Amino acid sequence: MLETRDLGEQDGARSRRLLSGILTAAVSRAAGLLVPLLLIPIMLSYLGPERYGLWTAVLALAGMAAFADLGLGNGLMTKLARCYSTGDTVSARGYVSSSYWLLVPMSLGACGLLWLLGSTIPWSSLLGLPSTASGSEARGMVLICLSAFVLNIPLSLVTRVQYAYQQVAVSNLWQTAGNVVALPLVLTAVWAELSPVTVVAATVVGPLIANAANSVWLYTSRMPEIRPRFGQLEPEVMRDLLRLGGLFFLLTVVISAANSADNLIIAHTRGLHAVTEYAVPAKVLAQVGMLVSLVNVPLWPANGEALNKGDLVWVRRTVRRMTLISAAVATVPAVIFVSVGEQIFAAWLPGPLGGDRWLLAGLAAWWILLAGIGPRFMVQNAAGLVRPQLIGWAAFLAISVVLKWYGSEKWGVVAVPFIAVGVYLVTVLPAALYGYRAALRTSAHGTESAR
């Protein structure tokens, strides 16, 4: 009877932490949502359609490099969630120290190499620029955006640590601060009539500043017991992280390539102006996806704790609830944009961009689909079960790129999101359902063995 009451108290505490994380994620993301939406007309007006298309193509290139942390961030969160469930601060410090040991030198070296070789890479042809476009501007935007991305790799580990220890609300506030910083910086750069490259730089430095300040605060004030020790090199811990991180690395490569290929495909098949027509509504609706991600990611460490303790009833119940919540969170704003998006974009933007209702409908369907499946992936991530996801997304990438290229050439950019939805249903969805059941079976067998 006492054991049942203790289990119920644990379930209640876990659910309260999860609910707190979800609510604060929604509130902080709602505040951060205004910044990218406000930046779109400012950037579009200042840069012009062609430079704006170049900027979004550069961001797509940076997004395809999201695998650069070798999957260690995701592997670290999975490992730390288990440490949190057992109160093992010694192992946690070893995982944190090893992660920084691996990523800090790699990040600095990659950034130096990028600037050393940047002038030798044909960025104009890689990004599908017309002959009239400035090659030096393209190179400057690429170097600035990629450098910010690379340097943020080790700095962003702090958010993984906070999520693993279910400090989601605090982490979300720091991330929101990083996004909000961009607005005054961009406005200042535009007011001073600085170069387009400088304006683009102002959009990407906010997360660097916020993550650096967050790291200092967490490791000196909040959790000094797991502060990374750069003299504490543990080869076995590194190998453990790299084994799990390697699978997350491959998965991130495939997902990043699949999700970031659209702008590059459209640039080559339809031109940079078409990229802008697609990227503006895609960027708006992507904020829905970001909101859903923030709602779902707290499930990762919460599921890790529940799976380690064999509490599968809580996992199943929470997944069912979060599937409905995630789909609803994505559906409400998506339906609004599909219904009145044409009027919103016409009144909001300086040109006739983003007004195709069918394009909005396709993008909305894509994000609603991802939202409904997301909670099942969080269970697999918590269990460290990556292979089913990897197989599903690899199939999606191989098939969707070919079909998107063909569809963009034949029917225009409106075909791209609908093709993505169709391919996802026959590749990733079956893998998601299989992997979810496998994660539950693995946890059940592990609990029985422990007994």
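Residues numbered from 1 in each chain as written. Predicted model: local features only at pLDDT ≥ 70, side-chain atom pairs only at ≥ 80, totals over all residues. Heavy atoms only, no water.

This brings us to the overall build of the protein chain. When you go through the protein chain residue by residue, the secondary structure sums to 16 helices and 0 strands. Per element, the accessible surface of the protein chain, about 19000 Å² overall, is 67% carbon and sulfur. (Helix = DSSP H or I, 4+ residues; strand = E, 2+ residues; numbered from the N terminus. Areas by Shrake-Rupley, 256 points an atom, 1.4 Å probe, with all protein chains shown as cover.)

Even without being a glycine, Gln 166 presents a positive backbone phi close to 55 degrees. On the secondary structure map, Gln 166 appears in the loop between α6 (157-164) and α7 (168-191). Even without a glycine there, the phi angle at Glu 193 is positive, about 55 degrees. Mapped onto the fold, Glu 193 is located in the loop between α7 and α8 (196-204). Overall, Glu 193 belongs to the exposed group, its relative accessible area being 66%. (Buried < 20%, exposed > 50% of the residue type's maximum accessible area, 1.4 Å probe, protein only.)

To continue, consider the environment of Phe 248. In this fold, Phe 248 is placed in helix α10 (residues 235-269). The contacts of Phe 248, once residues within four sequence positions are left out, are Gly 71, Asn 74, Gly 75, Thr 78, Trp 300, Asn 381 and Val 386. (Contact = heavy atoms within 4.5 Å.)

Taken together, the side chains of Val 332, Ile 336, Val 340 and Ile 344 define a hydrophobic patch exposed on the protein surface, amounting to about 310 Å² of accessible area. Relative to the assigned elements, Ile 336 resides in helix α13 (residues 312-348). Taking relative accessible area as the criterion, Ile 336 reaches 46% and is therefore assigned partly exposed. (Patch = residues over 30% accessible without salt bridge, like charges linked within 9 Å, V, L, I, M, F, W, Y side chains within 5 Å. Salt bridge = Lys/Arg side-chain N within 4 Å of Asp/Glu carboxyl O.)

As a further point, take α7. Relative to the 34 Å expected for 24 residues at 1.5 Å per residue, α7 spans 36 Å between its end C-alpha atoms, a close match to the ideal helical length. Those residues of α7 lying buried are Val 168, Ser 171, Asn 172, Thr 176, Gly 178, Ala 182, Leu 183, Val 186 and Ala 189. (Expected span 1.5 Å × (residues − 1).)

Scanning all chains against the criterion turns up 11 aromatic pairs. Arranged with centres 5.7 Å apart and planes meeting at 35 degrees, the rings of Phe 248 and Trp 300 form a pair that is tilted. With Phe 248 in helix α10 and Trp 300 in helix α12 (residues 299-308), this residue pair connects regions lying 52 residues apart in the sequence. Residue Phe 248 shares its accessibility class with Trp 300, and that shared class is buried. Taken together, the ring pairs connect Trp 366, Trp 393, Phe 396 and Tyr 424 into an aromatic cluster. (Phe/Tyr/Trp six-rings, centres within 6.5 Å; stacked < 30°, edge-to-face > 60°.)

Here the focus is the pattern of salt bridges. Tallied over the entire structure, the rule returns 5 salt bridges. One salt bridge connects Arg 239 with Glu 236, and the closest N-O pair in it is separated by 2.8 Å. Of this pair, Arg 239 and Glu 236 both sit in helix α10, 3 residues apart, roughly one helical turn. For Arg 239, a relative accessible area of 44% gives the class partly exposed. Between Lys 404 and Asp 262 there is a salt bridge, and its shortest N-O distance comes to 2.8 Å. A residue pair is termed long-range when its members are at least 10 positions apart, and Lys 404 in helix α15 (residues 387-411) and Asp 262 in helix α10 qualify at 142 residues. You can call Asp 262 buried: its relative accessible area is 12%. A cluster of three or more residues bridged by salt bridges with shared partners is formed by Lys 79, Glu 236, Arg 239, Asp 240 and Arg 243.

Taken N-terminus to C-terminus, the directions of α7 and helix α9 (residues 206-222) make an angle of 150 degrees; their axes are 7 Å apart at the nearest point. It follows that α7 is roughly antiparallel to α9 by the angle criterion. Seen from above, α7 lies across α9 with right-handed handedness. Contact residues: Val 170, Trp 174, Gly 178 and Val 181 in α7; Gly 206, Pro 207, Ala 210, Ala 213, Asn 214, Trp 217 and Arg 222 in α9. (Axes fitted to C-alpha atoms, helices over the stretch in contact; angles between N-to-C directions. Parallel < 35°, antiparallel > 145°, perpendicular 65-115°, else oblique. Left-handed = near helix turned anticlockwise from the far one by under 90°.)

Another point: α6. Summarising burial for α6: 7 of the 8 residues are buried, a large majority. Of the residues flanking the end of α6, it is Gln 166, one or two places downstream, whose phi is positive at about 55 degrees.

With that settled, the discussion passes to the packing of helix α2 (residues 72-86) against α10. α10 packs onto α2 with a crossing angle of 125 degrees between their chain directions and a minimal axis gap of 7 Å. In terms of axis orientation, α2 runs oblique to α10. Between α2 and α10 lies a crossing of right-handed hand. Residue-level inspection shows Leu 72, Asn 74, Gly 75, Leu 76, Thr 78 and Lys 79 of α2 in contact with α10, the latter providing Asp 240, Leu 241, Leu 242, Leu 244, Gly 245, Phe 248 and Thr 252. By residue class, the composition of the contact of α2 with α10 is 6 nonpolar, 5 polar and 2 charged. (Nonpolar A, V, L, I, M, F, W, Y, C, P; charged D, E, K, R; others polar.)

Our focus in this paragraph is the nonpolar core. Most often, soluble globular proteins keep nonpolar side chains buried together rather than apart. One finds Leu 80, Val 161, Tyr 165, Trp 393, Phe 396 and Tyr 424 to be the most contacted residues of the largest nonpolar core, which totals 67 residues. Examining the composition of this core, we find that 11 residues originate from one element, helix α16 (residues 415-450), more than from any other. Look past the residues within four positions of Trp 393 in its chain and what remains in contact with it is Leu 251, Val 254, Ile 255, Ala 258, Asn 259, Trp 366, Phe 377, Tyr 424 and Val 428. (Core = buried A, V, L, I, M, F, W, Y, C linked by side-chain atoms within 4.5 Å.)

Moving on, we come to the side chain of Ser 171. Relative to the elements of secondary structure, Ser 171 occurs in helix α7. Sequence-distant contacts of Ser 171, defined by excluding residues within four places in its chain, comprise Thr 159, Gln 162 and Tyr 163.

On to the confidence of the model for the protein chain. Segments scoring low in pLDDT should not have their predicted coordinates read at a detailed level. Averaged over every residue, the pLDDT of the protein chain is 82; residues scoring 70 or more account for 85%. Looking over the protein chain, one finds the lowest element-wise mean pLDDT in helix α4 (residues 123-126), namely 66, and the highest in α15, namely 94. Overall, residues 1-6 carries pLDDT values under 50, and its contacts beyond four positions in sequence, including any with other chains, amount to 0 contacts. (pLDDT = per-residue confidence, 0-100.)

Moving on, we come to the environment of Asn 179. Considering the arrangement of structural elements, one finds Asn 179 in helix α7. Between the alpha carbons of Asn 179 and Ala 210 there is a distance of 8.6 Å; along the sequence they are 31 residues apart.

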